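# Coordinates in review
Below, each chain spelled out in residue letters.
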Amino acid sequence: MTEAKIRIAVIGPGAIGGTVAAWLAQRADFDVLVCARTPFADLEIETPGGSIAATPTIATRPDGLTPVDWVIVATKTYDTASTLTWLDALVGPETRVAVLRNGVEHLPPFADRAPADCLVPAVVDIPAERRAPGRIRQRRDGWIKTPDDAAGRAFAALFAHTPIRAETTPDFRSEAWRKLALNCAGAVNALILKPSGIAHDEGAASVMRALVAECVAVGRAEGAVLPDDLPDQVIAGYRAAAPDGINSLHADRAAGRPMELDARNGVIVRLGARRGVPTPANAMIVALLNAAAL
Ligand SMILES: NC(=O)C1=CN([C@@H]2O[C@H](COP(=O)(O)OP(=O)(O)OC[C@H]3O[C@@H](n4cnc5c(N)ncnc54)[C@H](OP(=O)(O)O)[C@@H]3O)[C@@H](O)[C@H]2O)C=CC1
Ligand SMILES: CC(C)(CO)C(=O)C(=O)O
């Protein structure tokens, strides 16, 4: 008797969702469904090790879909409401839901969609850029981290055949804040519409450091364990990255799309206010990016 395939639905085939779906579809025993807003024929990913292609099933409407083993959410935070309509069809009693997003608030929008032990928040560090629907450049193999529980371990195991380092962490909260530290600095790129290499400029770097220092202070107040030199680590990371790399907030602003500003900088201001931690640099960049989008 042949084993049943593992059914995986990826919602949001953008830079991250498209990359992850293409890698998962390399396994013959995975049945990958891509839930898309904009239709396309196939996936082609330019990875650090060469191009990979995949022809998963693509759905543009939830009608007729049935529950799967895994739902992977890879839409932007501002598209959460439309994402939930897919979950109505795809989530059954056994379904696990992994949320691949930036920020520190992965699960609240999905908390009533599955039992807590079936929800998997994931921190993703895979720099990827979408060139066109189904066409993505994955700049580094990168990594994904999930909590060290049964669902987190099962999710990481899905990537065993890929070069993406998927692993669990005993301290997910700190991991998410550490990633937020990297992402909050990226608002500078979005504001001035210049790629990663601008971190070599001391003026830009000092604004990035100020954003990260506030993130560290708020993250610690929230219980994250973060090193004192995280602002310098973040700048060093930007300087070591491809100078023409475009982060996803910058990509959104450049394309005239909404931005995940609240999830990446607004959250620092919100939680800072709740904890009595001042966050003037993040408040300023949120105000300027909001005004720039008017
Ligand atoms: N890009 C990166 O390098 C990284 C991004 N992240 C995080 O990952 C998450 C995803 O980002 P990213 O991949 O860059 O985002 P993208 O904007 O590249 O992709 C989002 C995708 O979601 C699709 N979408 C939106 N609404 C729906 C819907 N209702 N149903 C189906 N599809 C939908 C969009 O469709 P359409 O094609 O119509 O626009 C698009 O394909 C974000 O939280 C981001 O911060 C984390 C690490 C790195
Ligand atoms: C900074 C980067 C590329 C790291 O993965 C990212 O998280 C993003 O573009 O949103």
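A brief look at the structure comes next. Please read these numbers as outputs of a predicted model, since none were measured by experiment.

## Some details on the overall build of the protein chain
- Secondary structure assignment for the protein chain yields ten helices and twelve strands.
- The C-alpha atoms of the protein chain give a radius of gyration of 19 Å, which matches the 19 Å a tight globule of 294 residues would have.
- Viewed in the frame of its principal axes, the protein chain has a C-alpha envelope of about 60 × 35 × 35 Å.
- Here the protein chain, with 294 residues, has 50% of them falling under the buried criterion.
- Element-wise, carbon and sulfur atoms account for 54% of the exposed surface of the protein chain, whose accessible area totals about 12,900 Å².
- Here the protein chain holds 31 positive side-chain charges and 33 negative ones, and the gap between their average locations is 3 Å.

## Regarding the packing of helix H6 (residues 202–221) against helix H7 (residues 230–240)
- Two elements in contact, H6 and H7, have axes whose closest approach is 8 Å; the angle formed by their N-to-C orientations is 135°. Taken as axis vectors, H6 and H7 run oblique relative to one another. For H6 against H7, the interelement crossing comes out right-handed. Facing H6, whose interface residues are Glu202, Ala205, Met208, Arg209, Val212, Ala213 and Val216, H7 presents Leu230, Pro231, Asp232, Val234, Ile235, Tyr238 and Arg239.
- Considering only residue class, the contact of H6 with H7 consists of ten nonpolar, no polar and four charged.

## Concerning the environment of Cys118
- Mapped onto the fold, Cys118 is located in the loop between strand S7 (96–100) and strand S8 (119–125).
- Separated by 34 residues in sequence, Cys118 and Gly152 have C-alpha atoms that sit 9.0 Å apart.
- Excluding its chain neighbours within four sequence positions, the residues that come into contact with Cys118 are Thr95, Arg96 and Val97.

## Here we look at the site of ligand 2
- All residues in the neighbourhood of ligand 2 are listed as Asn102, Asp125, Ile126, Pro127, Lys179, Asn183, Asn247, Ser248 and Arg264.
- Take Asp125: an N or O atom from its side chain is 2.8 Å from an oxygen atom of ligand 2.
- A distance of 3.1 Å is found between an oxygen atom of ligand 2 and a side-chain nitrogen or oxygen belonging to Arg264.
- Look at ligand 2: alone it shows 290 Å² of surface, and the protein chains cover 87% of it.
- Of the residues assigned to the shell around ligand 2, the class counts are two nonpolar, four polar and three charged.

## What to know about the pairing of strand S2 (residues 30–35)
- By the criterion of burial, S2 is predominantly enclosed, with five of the six residues buried.
- Two elements, strand S1 (residues 6–11) and S2, share six bridges in a ladder whose sense is parallel. Residue pairing for S2: Ile8 is matched across the bridge by Val32.
- Chirality of the crossover, the property in question, places the unit of S1, helix H1 (residues 15–24) and S2 among those that are right-handed.
- Where S2 lies against strand S5 (residues 57–59), three bridges are found, and the strand directions are parallel.

## Comments concerning the sheet that holds strand S6 (residues 70–73)
- Across the sheet, which stays open at both edges, the eight strands sit in the order S5-S2-S1-S6-S7-S8-S11-S12 with mixed pairing between neighbours. Of all the strands in the sheet, the pair left with one neighbour each is S5 and strand S12 (165–169). The average angle at which neighbouring strand axes cross in this sheet is 25°, direction not considered.
- The pairing of S7 with S8 spans four bridges and is parallel. Directly across from Val97, in S8, lies its bridge partner Leu119.
- Of the strands in this sheet, S1, S2, S5, S6 and S7 are in contact with helix H2 (residues 80–90), which crosses S1 at around 165°.
- Sitting on the sheet, helix H3 (residues 150–157) touches S6, S7, S8, strand S11 (143–147) and S12, and the angle it makes with S11 is about 160°.

## Focus on the pairing of S11
- Taking burial as the measure, the five residues of S11 include five buried ones, the bulk of the element.
- Bridge analysis of S8 against S11 gives three bridges, and the strand direction is antiparallel. The partner of Asp125 across the bridge, within S11, is Trp143.
- Where S11 and S12 come together, five bridges link them in parallel fashion. The residue of S12 that forms the bridge with Thr146 is Thr168.

## Brief notes about the layout of surface pockets
- Roughly 160 Å³ of internal volume is contained in the second largest pocket.
- Around the second largest pocket, the lining residues are Val104, Glu105, His106, Leu107, Pro108, Pro121, Phe172, Arg173, Ala176, Trp177 and Glu222.
- Along the lines of polarity and charge, the residues of the lining of the second largest pocket split into seven nonpolar, one polar and three charged.

Criteria and thresholds
- Residues numbered from 1 in each chain as written.
- Chains lettered and ligands numbered in written order.
- Predicted model: local features only at pLDDT ≥ 70, side-chain atom pairs only at ≥ 80, totals over all residues.
- Heavy atoms only, no water.
- Helix = DSSP H or I, 4+ residues; strand = E, 2+ residues; numbered from the N terminus.
- Rg over C-alpha atoms; globule rule 2.2 N^0.38 Å.
- Buried < 20%, exposed > 50% of the residue type's maximum accessible area, 1.4 Å probe, protein only.
- Areas by Shrake-Rupley, 256 points an atom, 1.4 Å probe, with all protein chains shown as cover.
- Lys, Arg positive; Asp, Glu negative; His and termini not counted.
- Charge placed at Lys NZ, Arg CZ, Asp CG, Glu CD.
- Axes fitted to C-alpha atoms, helices over the stretch in contact; angles between N-to-C directions.
- Parallel < 35°, antiparallel > 145°, perpendicular 65-115°, else oblique.
- Left-handed = near helix turned anticlockwise from the far one by under 90°.
- Contact = heavy atoms within 4.5 Å.
- Nonpolar A, V, L, I, M, F, W, Y, C, P; charged D, E, K, R; others polar.
- Near = heavy atom within 4 Å.
- Polar contact = N/O pair within 3.5 Å; in protein donor to acceptor, adjacent residues only side chain to side chain.
- Pairing = 2+ DSSP bridges.
- Right-handed = clockwise from strand over helix to strand, strands pointing away.
- 1 Å grid on protein atoms, 1.4 Å probe; cavity = no way out; pocket = protein on both sides within 12 Å on 5 of 7 lines; lining within 4 Å.
- Points joined across faces, edges and corners; volume = space filled by probe spheres on them.

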